[in-house]
Every structure is written in C-alpha cells, then in structure tokens.
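One letter stands for each residue in the lines below.
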Amino acid sequence: MTPFEILVSAGPAFLRGLRVSMTVWLLACVFGTALGIIAGWFLYRARGASTITRLAVNAVPEILKSLPVLVLLVWFHYLLPYYLGLSVSPLLTAVVVFTLIVMVGVGEIVQSAIANLPRGEIEAGHAIGLAPIDVGRLIALPLAFRSASPALILLYIDVLKLSTLASAIALEELLHVTDTVIAKTYVAVPAYTALAIVFLALILPLNWAAKKYSESLGVVR
Amino acid sequence: MTLGPLSLDIGRGQAAGIMGRSGSGKSTLLRMLALFVQPDGGSLYTRHRSWDFGAPRPIAPDALTAHRRRVVYVSQDNTLWPHLTLRQNIEFGPTRVLQLSASESHARADALLEALDLKHVAASRTWTVSGGEARRGAVARALALEPDVILLDEPETGLDPVRAARQMDLILSTCERAGTGAVIVSHNPSTILRATTMVHVLHAGAVVETGATQTVLQYPEHAETQALLAAAATAAFCSTPTVRKETL
C-alpha cells in the first residue's frame with residue numbers, strides 16, 4: 001500500500017486522530033500561554049531578587065525543562081493517579097502535561113521579551129507625557145508581544161510535533177492512529193509516511209504564516 | 001555628574017543651542033529639562049508652572065506627565081515605535097495624550113507630514129524609512145503635542161551635511177510657525193550656527209561661554225569654545241573665528 005492509499009482507506013481514523021491532536025494542542029497553547037505570561041512576569045521580577053527567591057522561582061521551570069516529555073506523561077498518567085487515588089483520562093493527562101510544556105516555554109520567552117524591551121522606545125512614551133500605566137499598556141506590551149511572537153509561534157509548532165508522544169499513554173491522537181493502521185495492515189513505512197504527510201500539511205502552512213507574520217512585524221527582514 | 005550653574009531663557013519660537021564635547025553634560029541637561037533627571041537645586045519656569053528644586057522631594061507623577069507634554073524631549077536615537085506606521089506614531093500623542101478626536105489628530109499629523117516632507121512615507125513602517133525621515137518623524141511626533149519647547153538631542157547625527165542642513169531648516173521653520181521654542185544640543189558648530197540665536201558652551205558640566213550664536217562662534221573667548229571650533233573647522237561656514245587680543 002502507498003501512503004496515499006493508507007490516507008484514503010484510513011481517512012476517518014486519521015481525521016479522528018487529527019481532532020484529538022488539535023484539541024490537545026489548542027488547549028495546551030491557550031492555557032499554557034495564559035499561565036506562561038504570568039510565569040514570565042514573575043521570572044522577570046525574580047531576576048533582581050535574592051538568591052533564594054531566584055532559585056525557588058526558577059526551580060519548577062528548570063525541572064520541567066530537564067525532564068523528557070515522555071516521562072512527564074507517564075508520571076502524570078500512572079504515578080500521580082496511583083498516589084492520589086484519581087482516575088485520569090489520557091486526554092486530560094496530555095492537556096495538563098503539554099500545558100506545562102507551553103507554560104515553561106512561554107514563561108522564558110516573556111521573561112526575555114520584558115528584559116529586552118527597548119529602553120529608548122519606552123522612554124519615548126514617557127517623553128511625550130504618557131502616564132506610566134499607559135506606557136506599559138500601549139507601548140511596552142505591544143513591543144514585548146512583537147519581539148516574542150516569532151519565538152512563540154516556533155514553540156507552538158514544536159508542541160504540535162511533540163503531541164505525538166501522547167500515544168505512549170494510549171491517547172488516540174495521530175501517531176496512535178498510525179500504529180493502529182500498522183497493526184492491521186503490517187505496512188509500517190508507508191503508514192509513517194502517511195503520518196508525515198499529515199504533519200507536513202499542518203506545519204508547512206503554519207511555518208509559512210509565521211514567516212509572513214514575522215516579516216510584517218519587521219522582526220525578520 | 002555635577003551640572004551647572006546654568007541659566008537658560010527660551011522665548012516663543014526661539015531656538016537656543018547647547019554646544020560641547022562628548023561627556024560635557026549636554027544630554028544630561030536636556031534630560032533635566034524634561035525632568036528625566038531631577039535637579040538638586042535651582043528653578044524651572046514654564047508658561048504653565050514653576051518648579052523649585054531646593055527641597056529634595058519626588059515630583060508627583062501627574063505633574064511630571066503634564067510637564068512633559070509641554071517640554072518634549074526627542075532623543076538622538078529617534079525611537080519611533082515599530083508596531084505603528086509613521087502616521088500612527090505622529091497621531092499617537094494627540095489621540096492618547098491630549099485625547100483629541102481622530103479627525104483632529106489626523107489633521108495635525110497631515111500638517112506635520114507636509115511641513116516636514118514626510119507625506120510620501122506616512123503609511124510606511126518605521127524600520128523602512130531612512131535615518132533622516134525617522135529623525136523628522138520623531139520630531140513630528142513631539143510637535144504634534146504643540147508643546148512650548150522641544151528638546152532636540154543631536155538632531156543631525158548620522159546625516160551628511162547637506163541633508164542635516166535641510167533637515168534643520170525644515171524642523172526650525174515648523175517650530176517657528178507653531179511658536180514652539182527649541183533647545184538644540186550639538187557638538188557641531190554648523191548646526192548651532194544654522195539653527196539657533198543663543199548658544200551656551202558646556203565643559204565638564206559647567207557653562208563656560210554664553211551669548212548670541214553669531215558672536216560666540218565668530219569671537220570665541222573661552223579656550224573650550226576655541227577648541228571646539230578649531231576641531232570642527234568652521235572657517236568654511238562663517239568668517240574665520242577671531243580670538244580677541246585681550247584673551248591672549
């Protein structure tokens with residue numbers, strides 16, 4: 001069987017898997033970004049704090065960054081429910097873990113964006129008599145968003161690719177669907193190639209849109 | 001750095017120059033006038049308010065913003081906001097600071113774009129315009145507030161002499177028409193000669209010479225002024241600087 005034959009014959013299954021993958025991805029991006037902005041602000045404020053405060057604030061993101069995503073998925077799906085006596089669905093586990101991944105990434109990007117805000121442009125806001133809170137709202141925030149956008153988009157694209165790891169906890173996302181097709185058809189390479197085609201169809205337009213958006217901001221010229 | 005004592009008097013539509021070598025305190029003085037740096041002593045009088053800096057107490061934020069709407073500082077970095085077009089940069093002050101309507105802000109921006117020869121780049125993103133256009137754009141953004149005084153920090157930096165001269169002519173004619181005073185900082189005597197009627201020469205934070213621009217640049221009395229003029233080779237722009245016999 002060719003990859004395209006696999007896509008056609010297992011189309012409904014791939015569509016179901018795509019829906020699950022996109023659900024995890026979108027929820028993780030939305031919640032992770034919201035939490036990451038708050039985390040980034042605290043990480044930035046902690047820069048000037050005492051050593052103990054800095055260590056405490058940076059401990060969680062540093063630990064999360066250091067652990068393989070697969071390990072996090074297994075811990076959250078099997079270990080925590082065991083000790084807490086809860087039943088957790090693969091979907092919830094995947095959303096929680098990838099939300100944490102996005103949160104850590106966004107936190108670092110936001111922290112860096114705030115720290116690298118162009119002082120001259122912020123001062124120009126003060127220089128024309130804008131109130132400090134309006135300088136933050138109307139100048140600093142848009143500038144921070146502008147400098148953070150390209151890195152954020154790359155982070156979201158990476159998380160989409162990482163979402164395939166959730167197949168390890170039996171979440172019926174795209175990789176899991178592919179493995180099911182292989183189990184039925186015994187054709188591994190064409191099946192994985194079909195999966196690659198789906199990801200190319202998803203990510204190439206995202207990459208192109210990201211590049212165009214960065215160019216419109218003047219961040220990539 | 002210790003700066004002063006210094007006495008500066010800017011009338012409506014007039015331009016005063018501050019000249020000196022790098023590190024003499026020129027930019028610090030401008031930042032002090034805009035109250036980015038609070039002086040330790042002395043007074044500041046504007047049309048709307050007077051300030052006495054004898055007692056060390058912080059300036060209220062409202063008073064600070066009100067002052068900066070009347071005395072606007074334009075840094076030498078241009079610092080146009082890249083997330084806005086040039087026109088949006090200019091309209092920002094009237095709309096967000098003065099709370100004017102969109103049509104009034106638009107009209108002000110139109111007039112300034114025309115006066116400063118920026119109409120052709122009004123809709124451009126700020127990183128696509130030339131250095132001179134960015135500089136005039138930053139000045140236009142300041143003038144859009146119709147301030148009492150505009151503080152220009154080395155406005156000719158990065159421009160060749162021909163463009164710098166034309167630029168200063170455009171900026172100053174716009175200021176004169178609007179009745180806006182200007183304080184221009186430069187280490188280039190040509191800019192000072194072209195643009196100002198009074199000049200103060202700074203050296204290590206102190207004013208070493210002050211007077212009518214033409215007089216100071218033609219008959220420099222202090223060694224620092226003489227050194228600046230000699231280094232800038234201003235003979236091409238005005239008659240050879242003459243050192244009075246009594247200073248020898």
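This text follows the structure it describes.
The sections below set out a description of the structure shown in this document.

So, how was this worked out
Residues numbered from 1 in each chain as written. Chains lettered and ligands numbered in written order. Predicted model: local features only at pLDDT ≥ 70, side-chain atom pairs only at ≥ 80, totals over all residues. Heavy atoms only, no water. Helix = DSSP H or I, 4+ residues; strand = E, 2+ residues; numbered from the N terminus. Buried < 20%, exposed > 50% of the residue type's maximum accessible area, 1.4 Å probe, protein only. Contact = heavy atoms within 4.5 Å. Areas by Shrake-Rupley, 256 points an atom, 1.4 Å probe, with all protein chains shown as cover. Lys, Arg positive; Asp, Glu negative; His and termini not counted. Charge placed at Lys NZ, Arg CZ, Asp CG, Glu CD. Core = buried A, V, L, I, M, F, W, Y, C linked by side-chain atoms within 4.5 Å. Phe/Tyr/Trp six-rings, centres within 6.5 Å; stacked < 30°, edge-to-face > 60°. Lys NZ or Arg CZ within 6 Å of the ring centre and 35° of its normal. Salt bridge = Lys/Arg side-chain N within 4 Å of Asp/Glu carboxyl O. Buried area = accessible area lost by both parts, 1.4 Å probe. Polar contact = N/O pair within 3.5 Å; in protein donor to acceptor, adjacent residues only side chain to side chain. Nonpolar A, V, L, I, M, F, W, Y, C, P; charged D, E, K, R; others polar. Expected span 1.5 Å × (residues − 1).

Moving on: the overall build of chain A. Per the secondary structure count, chain A includes nine helices and zero strands. Its helices and strands in sequence order give chain A the pattern α-α-α-α-α-α-α-α-α, from N to C terminus. Along the longest, intermediate and shortest principal axes, the C-alpha atoms of chain A span 70 × 45 × 20 Å. Taking all 221 residues of chain A together, 44% fall into the buried category. Sequence separation of at least 24 residues holds for 75% of the intrachain contacts in chain A that already meet a minimum separation of 6. With the model as given, the accessible surface of chain A reaches about 11600 Å², and the carbon-plus-sulfur share is 72%. Where the 14 positive side-chain charges of chain A centre and where its 11 negative ones centre are 4 Å apart.

Residues Phe14(A), Phe98(A), Ile139(A), Ile90(B), Phe92(B), Ile150(B) and Ile184(B) are the most contacted members of the largest nonpolar core, which totals 95 residues. Among all residues touching Ile184(B), those that are not within four sequence positions of it are Ala15(B), Ala16(B), Gly17(B), Ile18(B), Leu152(B), Pro155(B), Met168(B), Leu172(B), Thr191(B), Ile192(B), Ala195(B) and Thr196(B). With 20 residues, the next largest nonpolar core counts Ala34(B), Leu64(B), Val149(B) and Leu151(B) among its residues.

A full pass over the atoms with the stated rule returns four aromatic pairs over all chains. Look at Tyr82(A) and Tyr83(A): their rings are 5.2 Å apart centre to centre, the planes differ by 80 degrees, and that puts the pair in the edge-to-face class. The burial state of Tyr82(A) is the same as that of Tyr83(A); both residues are exposed. The side chain of Arg68(B) reaches across the aromatic face of Phe36(B), ending 4.1 Å from its centre. The cationic tip of Arg141(B) hangs over the ring face of Trp81(B); the distance from NZ or CZ to the ring centre is 4.2 Å.

Let's shift gears to the pattern of salt bridges. For the structure on display, the rule yields 16 salt bridges over all chains. Note that Lys65(A) and Glu62(A) form a salt bridge whose closest N and O atoms lie 3.3 Å from each other. You can see Lys65(A) and its partner Glu62(A) sitting in helix H3 (residues 51–66), three residues apart, about one turn around the helix. For Arg87(B), the salt bridge identified is with Glu91(B), shortest N-O distance 3.3 Å. Placement of the pair is Arg87(B) and Glu91(B) together in helix H3 (residues 86–97), with a separation of four residues, close to one helical turn. Across the pair, exposure class does not vary: Arg87(B) and Glu91(B) are buried alike. Bridged by salt links that share partners, the residues Glu62(A), Lys65(A) and Glu108(A) form one connected network.

With that settled, the discussion passes to the interface of chain A and chain B. In this complex, chain A contributes 22 residues to the contact, which on the side of chain B involves 19 residues. Interface area, chain A with chain B, both sides summed: about 1800 Å², of which 68% is carbon and sulfur. When the buried surface of chain A facing chain B is broken down by residue, Glu123(A), Ala127(A) and Ile128(A) rank first, second and third, together holding 32% of it. On the surface where chain A and chain B come into contact, there are one salt bridge. Of the charged contacts in the structure, one is a salt bridge between Glu123(A) and Arg31(B), with a shortest N-O distance of 2.7 Å. For the pair chain A and chain B, the number of links is four residue pairs in polar contact (both at pLDDT 80 or more). Considering only residue class, the side of chain A that touches chain B consists of 11 nonpolar, six polar and five charged.

So, on to helix H6 (residues 161–178) of chain B. Residues and elements named next belong to chain B. Along its 18 residues, H6 runs 26 Å from first to last C-alpha, staying within 8% of the 26 Å computed at 1.5 Å per residue. Listing the buried residues of H6 in full gives Ala-164, Ala-165, Gln-167, Met-168, Leu-170, Ile-171, Leu-172, Thr-174 and Cys-175. On its buried face, H6 is in contact with strand S1 (15–20), helix H4 (102–115), helix H5 (131–143), strand S5 (149–153), strand S6 (181–186) and helix H7 (189–195). One side-chain oxygen of the residue at the start of H6 lies 3.0 Å from the amide nitrogen of Val-162, identifying that residue as Asp-160. Gly-179, located one to two residues past H6, shows a positive phi value of around 70 degrees.

That's the geometry; what it means functionally is another story.
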